[in-house]
Amino acid sequence: MSIVIKVEHVSKMYRLGEVGTGTLTHDLNQWWARLRGKEDPSSKIADLNDRTKVSDSQYVWALKDVSFDVNQGEVLGIIGRNGAGKSTLLKILSRTTLPTEGIIRAKGRIASLLEVGTGFHPELTGRENIFQNGAILGMTRHEIRRKFDEIVDFAGVAKYIDTPVKRYSSGMYVRLAFAVAAHLEPEILIVDEVLAVGDAEFQKKCLGKMKDVSTNDGRTVLFVSHNLAAVKTLCSRSVLMSQGTVRDIGDTNQIVTQYVKLNSDYMTRRIEYKGEDQAPGNDKIKVLRAEVTPDVISVDDPVTISFELLNMMHFTRFKVSFDLVNSSEQIVFSTAVDITISARGSASAKCYIPGHFLNDDIYSVWFYMFTDEMTPLLLLKDMLNFEIIDKSRDYAYLGKINGVVRPILRWETSG
Amino acid sequence: MKESNEDWTIVIKPQTGLFDIDFKELLQYRDLLYIFVRRDLMAVYKQTILGPIWFFIQPLLTTMVYAFVYGGIANIGTDGKPRLLFYLTGTVLWAYFSECLVSTSSTFTANASVFGKVYFPRVILPLAKVISTLFKMGIQMILLAIAYAVYIALGQYSFQVNGYILTLPLLIIIMANLGLGVGMIVTSLTIKYRDLQYLVAFGVQLLMFAAPVVYPLSRFHGKMLLLLKLNPVSAVIETFRAAVLGGTVDWYMLGYSFMISTVLLAAGYVIFNKAEKSFIDTV
């Protein structure tokens, strides 16, 4: 296996805030420092990229010391939260911006599909845009002419080929754009979130093309996506980025697991308190511990939610209940159980949610306690959060599967 | 895994040197140049009724307004040349220069969205503009020829086109160099300092009065004349007029003009090349 892209110690610094007045003096300062052979005064004070913190520095490292290799013919996944530096890395790879430090070497043409319809001129027809877009992406006119029918066929827009693209639907637009890039035959293709658009049939075509490109033609694909199902299915190896650095690189399943764990750092998957003083609750009921297991939950994994409760009253019969709320603030279900907790004692409750039931989403547990006569005692919104991730699929559709829940149901077919 | 440095076709590294210009790459993208030129010509008159006729109407009206205002009202002399022909010869090359300058100076700001997504040598865009504007100038030349023929047919002027006309390619090159060179400097600076963008729009209009477009150089003497001659555009317009309507050519002035234009083009390209690498972070 030979290396087609070698990324070595690449860093990228950005200036924060508005570029406006004061830039001239700033530029002169920088220039003066360089003239005296000193280090750029601004580079010392740059911070690592962490959006959650307010930084004193005017500069930020969008990428810091990123190194990895890409082998020929592989589909390499790049995952990370928003702001992890994925887009900056892609920008550098597609040469729309330069790194501040470091070097990238590549063999062959790199074509990116950073955004849909790049360089499409709305007044020009589909035909004219195919030629223009192809040429922008580095094809010669001869190459485009040779591929023209194939492109039109792939995009499925034959009927509208002589219509200005401003009259195209967004789906047609995307299809045409992807078709041109897919037929460009670059040695290295960068695909960024295009699969979010387009219908199932088109997605199928795209993924087929991507696989085709990598396995049959030995070309390389860099695939950047938030769609974990797609990454798991398409990529054997992935890079996990976080705060502008490469957190890890390796087998996709293992990287996705890490990614989810990293994300869960931002979620409350578990709360635990030693003393009753700190524990959330009121003078009637306190929650000593609450937890979602396992650490990484895929759609087919069963989920356990457990609570440990402290009764502050003499009363002993309660109802423990919670609502499971998804990211669109819908209550997926509400469940309750009777429990007896001795006076001033504690007890635990566990709820088992089966696998193959919840869809991939981010969930929140809203916790309630009642007396057995349904007098409310305690309500804790957003007590726990957790994410359920998609798994790899063995069929072509890799988009989001609709529905609040995702059960496996019994079907019967005939004929 | 074996490595050899010669295999790498793309090397991306921080800010390259001043003269790190890849001409080979430009050659690879010649088809893109062709397509951009075609687009510039086609997209202009899409969804218009008159279409390419607009290329005629615009200079014709401008020249008539000049003839009326500067010739008729202000009564500025034309060295004894027919007014319409005098202004047409002045504006044909001037319009070419100013259009090259104005369109080049908005290269980065106008194409930021495309530049942010794909890489191709950015200089292709202003080059395409310079070439497509050439077609427009060609049409204006035809207009000039028609007007000339009408004057001759009416017996109001005689055929004065002479050997100096052979300098026309040189004149066009000088104008293209100037438009490109200054435009590339301006667009590189507008990335950070938008102020220049506004300056160019009316600056070009003002600049026209610093060149013998609507008046002949012969009206001036001494310091004023020297000042006008320092403008590299002056020699081009005077030479063209002499070639078409008769007169003499100041070869020193033309040589000076050519040199200045070459220096400006080289400087512009170097600055442009440096600016294109980092512009997307600033724009």
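Residues numbered from 1 in each chain as written. Chains lettered and ligands numbered in written order. Predicted model: local features only at pLDDT ≥ 70, side-chain atom pairs only at ≥ 80, totals over all residues.

1. Some thoughts on the environment of B:F23
Looking at where B:F23 falls in the secondary structure, it is placed in helix α1 (residues 23–28). For the pair formed by B:F23 and B:I139, sequence separation is 116 residues and the distance between their alpha carbons is 31 Å. (Helix = DSSP H or I, 4+ residues; strand = E, 2+ residues; numbered from the N terminus.)

2. A few points about the packing of helix α4 (residues 83–104) of chain B against helix α8 (residues 168–190) of chain B
The packing of two helices is summarised by the inter-axis angle and the distance between the axes. Residue and element names in this part refer to chain B. The N-to-C vectors of α4 and α8 enclose an angle of 25 degrees; their axes lie 7 Å apart at closest approach. Taken as axis vectors, α4 and α8 run roughly parallel relative to one another. Crossing handedness for the pair α4 and α8: right-handed. Contacts between α4 and α8 involve L93, Y96, F97, C100, L101 and T104 from the former and L171, M175, A176, L178, G179, L180, V182, G183, M184 and T187 from the latter. Grouping the amino acids of the contact of α4 with α8 by side-chain chemistry returns 12 nonpolar, four polar and no charged. (Axes fitted to C-alpha atoms, helices over the stretch in contact; angles between N-to-C directions. Parallel < 35°, antiparallel > 145°, perpendicular 65-115°, else oblique. Left-handed = near helix turned anticlockwise from the far one by under 90°. Contact = placed C-beta atoms within 7 Å. Nonpolar A, V, L, I, M, F, W, Y, C, P; charged D, E, K, R; others polar.)

3. Here we look at the sheet that holds strand β19 (residues 376–389) of chain A
Spatially, five strands are ordered β13-β19-β18-β15-β16 (chain A) in an open sheet, and the strand pairing comes out mixed. The strands lining the two open edges of the sheet, one partner per strand, are β13 (297–298) and β16 (331–340) of chain A. (Pairing = 2+ DSSP bridges.)

4. Description of the interface of chain A and chain B
Interface size is commonly expressed as the accessible surface area that is lost when the partners come together. Across the contact, 38 residues belong to chain A and 29 residues belong to chain B. Considering only residue class, the side of chain A that touches chain B consists of 17 nonpolar, 14 polar and seven charged. As paired elements, strand β5 (residues 101–106) of chain A and strand β1 (residues 10–12) of chain B share three bridges and run antiparallel to each other. Directly across from A:R105, in β1(B), lies its bridge partner B:V11.

5. A few points about the environment of B:K13
Here B:K13 shows up in the loop between β1 and α1. Note: C-alpha distance between B:K13 and B:V118 (105 residues apart in sequence) is 17 Å.

6. Considerations on the nonpolar core
Counting 165 residues, the largest nonpolar core has A:F223, B:L93 and B:I124 as its most contacted members. Ranked by residues supplied to this core, first place goes to α4(B) with 13 residues. Each of two domains, domain 1 (3–8 + 66–263) and domain 2 (270–389) of chain A, supplies a minimum of three residues to this core. When near neighbours in sequence (up to four residues on either side) are disregarded, B:L93 contacts B:L171, B:M175, B:V236, B:I237 and B:F240. (Core = buried A, V, L, I, M, F, W, Y, C linked by C-beta atoms within 7 Å. Buried ≥ 20, exposed ≤ 12 C-beta atoms within 10 Å, placed from the backbone. Domains from an automatic or database assignment.)

Shape descriptors only; they carry no functional weight alone.
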